[in-house]
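Fold and geometry: a report
Okay, here's what each chain looks like letter by letter:
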Amino acid sequence: MVAPTIPTTPSVPTYFGQLMCTNAQQPDPQQPAPDGCTRVCTLTAVQFVQQIANFPMKTATVWGYQGEGLPTPSTPGPTLISYGGERVQIRETNKLPEPSTIHVHGLHQPNDADGVAGISQPIPIAVDQTFSYPAFVPGHVGTFSYHSHFDGAVQEQRGLDGMWDVLPRQEHQSVKADVDVNMTLQIFGWEKEGSLVQPFGTGVAKQFPFDTINGKTGDASGGPITIKQGDRVRIRINNASQQTHAMHLHGHDEVVVSKNGHAVPQVRETTQTVNPGDFYELEFTANNPGNWIFHCHFPHHTANGMSSGYNGAPVGMTRIFHYQGAPDVPPHTSATPITCPRPSTEPPPVPAPQHDRLSEKSQEPADEPSDGDRDLGCPWWCRDQDEGHVAVSVDVVDELGPASWSAVGARR
Ligand SMILES: [Cu+2]
């Protein structure tokens, strides 16, 4: 038996909390707690600005959590790490502009630690107040989460969610992961650079929000996750969004090893559907060198709004696994992202009318709109940009040879 790999959450801090012990000992919080200790995780809920994407907008005002002692808040909030059999306790300080709570999701908590406003907790945590939930021992190890349960339709979708990994104190070498990563799936819709996330959005903002992993679209993720040949790679998924996602790994089978903290028959999948509120642990063996993407297979979830990435690369809810020794992933600074307005996919204009000698009828051309009239399907942010007439130019190379198109702004 060996110590488990401590999972990482790219773009998100890891938080071990503080061990409060009945005697004078001050054990290392990164290790399993001795008897007589409680792992206290102190989280402040707060509004802040976070970079979500690189284009066509970058930052949004979100709600998230900051762990005590950590330098910055984040959404998803810091990933809590505890070990099986430990007593744990959540404390929340509410710095939001409205009341809130913290619900722990999937952990077999006692009812008075459930954090459901108006049900298990008659009064939510008021603005500027701190509340300590009762300590408890989670029912089992696994991948779980915590999130607001006050006005959840708004608060969760603004970002008040985070992961909680309850690790085994020891595990068998044969199942120890070499690379172990957390991924929280979230969707953010916001109207203008820096504006507050609007869970329900309006118009196209609702239809084409930004799908993210760990609070970032693929282009803003900070780079690939590096693995090496032979690694056992574990992906822990928490779907904190209000849509189902179909998580697909290129070039490998993804093996479902657990769901909601319980082992399941190991099914080899190419794509695993994850419903809101569910947790999956997927694993793959690194046996096919290269650069492989892991992404949601709803096609528009791999775009930023309606924009594909540089050279048409998938972005949105996408991450890259990069094998050591494989070619570097092409830098994302050498070309222009494919953004709005998009190239027309309309068929070529119908030829001029020709006289049909047999029927003596004229074939009238279709009433083809001009480019200026054609609905290019531009989302709201493109219409905003159009006020400044943003020029967009994209070089396209396909089987017909290189071509180029350019346009100015967007049609209203
Ligand atoms: Cu999706």
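The paragraphs below set out a description of the structure included in this document. (Residues numbered from 1 in each chain as written. Predicted model: local features only at pLDDT ≥ 70, side-chain atom pairs only at ≥ 80, totals over all residues. Heavy atoms only, no water.)

**Some thoughts on the overall build of the chain**
If you tally the helices and strands in the chain, you get 3 helices and 25 strands. Every one of the 412 residues in the chain was classed for burial, and the buried ones make up 49%. The long-range share in the chain, meaning contacts at least 24 apart out of those at least 6 apart in sequence, stands at 73%. (Helix = DSSP H or I, 4+ residues; strand = E, 2+ residues; numbered from the N terminus. Buried < 20%, exposed > 50% of the residue type's maximum accessible area, 1.4 Å probe, protein only. Contact = heavy atoms within 4.5 Å.)

**What to know about the state of the cysteines**
In total, this model carries 1 disulfide according to the counting rule given. Bridging Cys21 to Cys37, the disulfide has an S-S length of 2.1 Å. As the torsion about the S-S bond is roughly 105°, the Cys21-Cys37 disulfide counts as right-handed. With Cys21 in strand β2 (residues 18-21) and Cys37 in strand β3 (residues 37-51), this residue pair connects regions lying 16 residues apart in the sequence. Side by side, Cys21 and Cys37 carry an identical accessibility label, which is buried. (Disulfide = S-S within 2.5 Å.)

**A closer look at the coordination of the copper ion**
Bound to the copper ion are the protein donor atoms His245 (ND1), Cys296 (SG) and His301 (ND1), situated 1.9 to 2.0 Å from the metal. Sequence positions of the residues that donate to the copper ion give the spacing H-x50-C-x4-H. Of this pair, His245 sits in strand β15 (residues 245-249) while Cys296 sits in strand β20 (residues 291-296), placing them 51 residues apart in sequence. Taken individually, His245 and Cys296 each receive the classification buried, so the pair is uniform in this respect. (Donors = N, O, S within 2.8 Å, 3.2 Å for Na, K, Ca; no water.)

Note that every value here comes from positions in space, so none of it alone points to a role or purpose.
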